[in-house]
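# Coordinate inspection notes
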Amino acid sequence: MSPAQSAAQTPDVPESQRISRTVLDASDISRALTRIAHEILERNRGADPVVLLGIPTRGVPLAQRISARVAAVEGQSVPTGSLDVTMYRDDIGLKPPRGLEHTDIPPGGIDGKVVVLVDDVLFSGRTIRAALDAIGDIGRPRAVQLAVLVDRGHRELPIRADYVGKNLPTSLAERVTVHLTEYDGTDAVLIADTNTPGVN
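Throughout what follows, the structure given in this document is the object of discussion. Predicted, not measured: the structure shown is a model, and the values here were computed from it.

Moving on: the sheet that holds strand β5 (residues 143-151). Pairing in this open sheet of 5 strands is parallel, and the strands run β3-β2-β4-β5-β6 from one edge to the other. Only two strands of the sheet have a single neighbouring strand rather than two, namely β3 (80-82) and β6 (163-167). On average, each strand axis in the sheet is tilted by 25° relative to the strand beside it, whichever way the strands run. Where strand β2 (residues 50-54) and strand β4 (residues 114-122) come together, 5 bridges link them in parallel fashion. From the neighbouring strand, V51 faces β4, where its bridge partner is V115. Sitting on the sheet, helix α2 (residues 59-74) touches β2, β3, β4 and β5, and the angle it makes with β4 is about 125°.

Take a look at the structure:
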C-alpha cells in the first residue's frame, strides 16, 4: 500500500465531513502483534520453517515487529523481507499509476518454507491475490499464510486471514487508516466516516 493510504481508498473528503475515531491505540497494536507472533509459532511448531514477507508499505514494518517478537520468544531470528505486488494487481490501468515498491526476499529464498504474508488492512482481498501471484514467480513455498493487523470485511475474493489483530466490521462509506511510527510518528488505527464509498 502507498504511504498515504490503508487498504481502503476514497477520494479526499473535507475534514469537516469526516468523523474519525481511534479503534486501536499503540498499546492495542503492540498486544495484537505479540499475539499474532505467538499464534504463528504455535501453528507452525516453532520459527524454523517461517519466512515473513511484508506487503509495502505498512506491512513491512509490521512484519519486522512480528519478527522481533518471534525472535524474542525463540531466541533466533526469522527471515523477513518485503514483497511488492504493484505489477500483479488487477487494477493496473484502471487507476492512476503508482510507484514500484521494494521486493526483498531473504537469503535462502522461500522454497519449502512457510511464507507468512503481512499486511495492515484486509479489505477486498485483491492485494493478497496479487501477492500470491507474485510469490508464484519467486518460488514454491510449502504453505502461504496471511497475517493482518485489521480485517475490515467486504471481501470480493475467497481469501481469509490466518492471523488477525482486530476484526473491524465497517461500511463501504468508512475509511480505515493505519498509522505506524515508522511512517507517521505514531501508532494508531483510525476509522472515519466519509460521503464516498471506498474501493480497493
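Resuming the write-up.
So, on to the packing of aromatic side chains. Here the structure, examined in full by the defined rule, presents 0 aromatic pairs. Cation over ring: R152 sits above F123, and NZ or CZ is 4.2 Å from the ring centre.

Another aspect to go through is the sheet that holds strand β7 (residues 174-179). The sheet built from 3 strands is open, its strands ordered β1-β8-β7 with antiparallel pairing. At either end of the open sheet lies a strand with only one pairing partner, and these are β1 (19-24) and β7. Direction aside, neighbouring strands of the sheet carry axes that sit 25° apart on average. Of the pairings in the sheet, the one linking β1 to strand β8 (residues 188-193) comprises 5 bridges and is antiparallel in character. Bridged to S20 within β8 is A192. Across the sheet, helix α1 (residues 26-44) touches β1, β7 and β8, and the angle it forms with β1 is around 40°.

In this section: unusual backbone geometry. Omega for the peptide link from P56 to T57 comes to 10°, which places this bond in the cis form. Mapped onto the fold, T57 is located in the loop between β2 and α2. Look at R45: it is not a glycine, yet its phi comes out positive at around 55°. Along the chain, R45 falls in the loop between α1 and β2.

Inspection of the secondary structure puts D84 in the loop between β3 and β4. Here T86 takes part through its side chain, which lies 2.7 Å from a polar atom of the side chain of D84. Setting aside its immediate chain neighbours within four residues, D84 contacts P56, L100, E101, H102, T103 and A134.

The rules we used
Residues numbered from 1 in each chain as written. Predicted model: local features only at pLDDT ≥ 70, side-chain atom pairs only at ≥ 80, totals over all residues. Heavy atoms only, no water. Pairing = 2+ DSSP bridges. Helix = DSSP H or I, 4+ residues; strand = E, 2+ residues; numbered from the N terminus. Axes fitted to C-alpha atoms, helices over the stretch in contact; angles between N-to-C directions. Contact = heavy atoms within 4.5 Å. Phe/Tyr/Trp six-rings, centres within 6.5 Å; stacked < 30°, edge-to-face > 60°. Lys NZ or Arg CZ within 6 Å of the ring centre and 35° of its normal. Polar contact = N/O pair within 3.5 Å; in protein donor to acceptor, adjacent residues only side chain to side chain.

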